Amino acid sequence: MHQVSATELAKMGKCERQVYLDHHHGEDTSLTAKFIKRGNYEHEQFNRQLSGKDKRCFIATAVFGIDAVETKILRQFRDEHLMPYKTGRTFTSLYYSLSPYIVNLIERYPALMIPIRTILRWFIRSRR
Amino acid sequence: MSFFIVVVVIALYWWIQSRRKPKLTPYMLENFLKITDPVALCGKPDVVWKTHDGTLIVGDYKSRENQQVYQSEVIQLSVYKLLVEKTQNRPVADYGFIHFKNRHMVKVQLMNEKEIIELHQRYWNVKDGRIKPCMTGTKNYCRYCSHNDECCNE
C-alpha cells in the first residue's frame, strides 16, 4: 500500500472532503503558497536555533566581527548555557529584539564600541 | 549597596541556572522516518526531544502565535510518535509538544496506535470513495481551499 505522510493523514482532521477532492481533482496549493513559503522559512529558523547553527549574535558581531574568536565563544555560551533553559531562551529572545537597536547606536556612535568591547572581553575571560 | 545586592542575586541566579541540567535536549531534528508495519506511514518530525531518563517526546513547530491546538495537529504529532516508536528502540511519551512562534509550547495528549490505524483505514476509504467524507466544521477553512466551487456543487 502507498505510504501516507503525517501531513497528508492530518488533513483528515481538517476536512475529509478535501482529502477526497485532492485525490480526484488534484491539489492546488496556489492559494496557500504564501503561507507555505513563510512556514518553511520559519521552520528553518526553528531548526537552526535548536541545532545551534544560528549565527545571530548581533552586538558581538558588530564589535568583534562575524567569525572572531570572541563571537564564537559568546555563541557557544548562548547555545550551551542559555538555550537549554526556559529563562535563558526568554533572555535570548529579549536580547535579539533589543540588540539591533544597540547595533544601530554603535554604528552611529563608534566610541560606544570601547566600553562594550571591554565588558564583553571581561565576561569572556570570566567564563574561561 | 543595593546595586551590589542586585548584582549578587543576578550572579547567583545565573550560577544556579547554569548548574541545572537541561530538562529536554534535542535528540533528532527533521529526520525522515518511515514504517510499513502496522500501516505504511512516513513523516519528518520537526524535533524529537530526549528527557533525563531517555524517554523521547515528539515536537512540532507552528509558525503562529495563537496557541489553539487543532485536531489535524494532534493527528500529525500522533503519527510522528508512532514513527519514532517503531524506528527508535527507546520509550516514547504518549504526549507531544507544539512549539509556537512566540516560543511557547503546549503539551498535547496523543492518539494511540489503534486510533491511528483506524484513521489510516478511514483515509483510504475516503480517498477511494467507499465512504462519504465529512466536511470541515470551520467555514473559514474553505476560504483557502482550491475545491471551494466543486465542493458547493456536490
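Residues numbered from 1 in each chain as written. Chains lettered and ligands numbered in written order. Predicted model: local features only at pLDDT ≥ 70, side-chain atom pairs only at ≥ 80, totals over all residues. Heavy atoms only, no water.

## Structural notes on the overall build of chain A
Inference 1: Regarding its fold elements, chain A presents seven helices and one strand.
Inference 2: Per-residue burial over chain A gives 34% buried out of 128 residues.
Inference 3: Put simply, 51% of the contacts in chain A that link residues at least 6 apart link residues at least 24 apart. (Helix = DSSP H or I, 4+ residues; strand = E, 2+ residues; numbered from the N terminus. Buried < 20%, exposed > 50% of the residue type's maximum accessible area, 1.4 Å probe, protein only. Contact = heavy atoms within 4.5 Å.)

## Examining unusual backbone geometry
All names here are of chain B.
Inference 1: For the bond from Asp37 to Pro38, the omega torsion is 10 degrees, close enough to zero to count as cis.
Inference 2: Along the chain, the position of Pro38 falls in the loop between strand S2 (33-35) and strand S3 (41-43).
Inference 3: Positive phi, normally seen in glycine, also occurs at Glu30, with a value near 50 degrees.
Inference 4: Along the chain, Glu30 falls in the loop between strand S1 (25-29) and S2.

## Comments concerning the pattern of salt bridges
Inference 1: By the definition in use, this model includes 10 salt bridges over all chains.
Inference 2: Between B:Arg64 and B:Glu73 there is a salt bridge whose closest N-O contact spans 2.8 Å.
Inference 3: Among the salt bridges present, the one from B:Glu113 reaches B:Lys86, with a minimum N-O distance of 3.4 Å. With B:Glu113 in helix H3 (residues 113-127) and B:Lys86 in helix H2 (residues 71-87), this pair connects stretches of sequence that are 27 residues apart.
Inference 4: One continuous salt-bridge network, built from bridges that share partners, spans A:Glu8, A:Lys11 and A:Asp22. (Salt bridge = Lys/Arg side-chain N within 4 Å of Asp/Glu carboxyl O.)

## Some details on the environment of B:Lys86
Inference 1: Overall, B:Lys86 belongs to the partly exposed group, its relative accessible area being 41%.
Inference 2: Within polar-contact distance, the side chain of B:Lys86 engages the side chain of B:Glu113 at 3.4 Å. (Polar contact = N/O pair within 3.5 Å; in protein donor to acceptor, adjacent residues only side chain to side chain.)

## Section: the environment of B:Phe100
Residue and element names in this part refer to chain B.
Inference 1: Along the polypeptide, Phe100 turns up in strand S6 (residues 92-100).
Inference 2: Once the C-alpha coordinates of Phe100 and Lys62 are considered, the two residues, 38 residues apart in sequence, prove to be 5.1 Å apart.
Inference 3: Not counting chain neighbours up to four residues away, the residues in contact with Phe100 comprise Tyr61, Lys62, Arg64, Asn66, Gln67, Gln68, Val69 and Val106.

## Details of the nonpolar core
Inference 1: Counting 33 residues, the largest nonpolar core has A:Leu9, B:Leu41 and B:Val79 as the members making the most contacts within it.
Inference 2: Secondary structure elements with two or more residues in this core: helix H1 (6-10) of chain A together with S2, strand S5 (56-62), H2, S6, strand S7 (105-109) and H3 of chain B.
Inference 3: The element best represented in this core is H2(B), accounting for eight residues.
Inference 4: Leaving out residues up to four positions away in the same chain, A:Leu9 has contacts with A:Val4, B:Leu41, B:Ile75, B:Val79, B:Ile116, B:Leu119, B:His120 and B:Tyr123. (Core = buried A, V, L, I, M, F, W, Y, C linked by side-chain atoms within 4.5 Å.)

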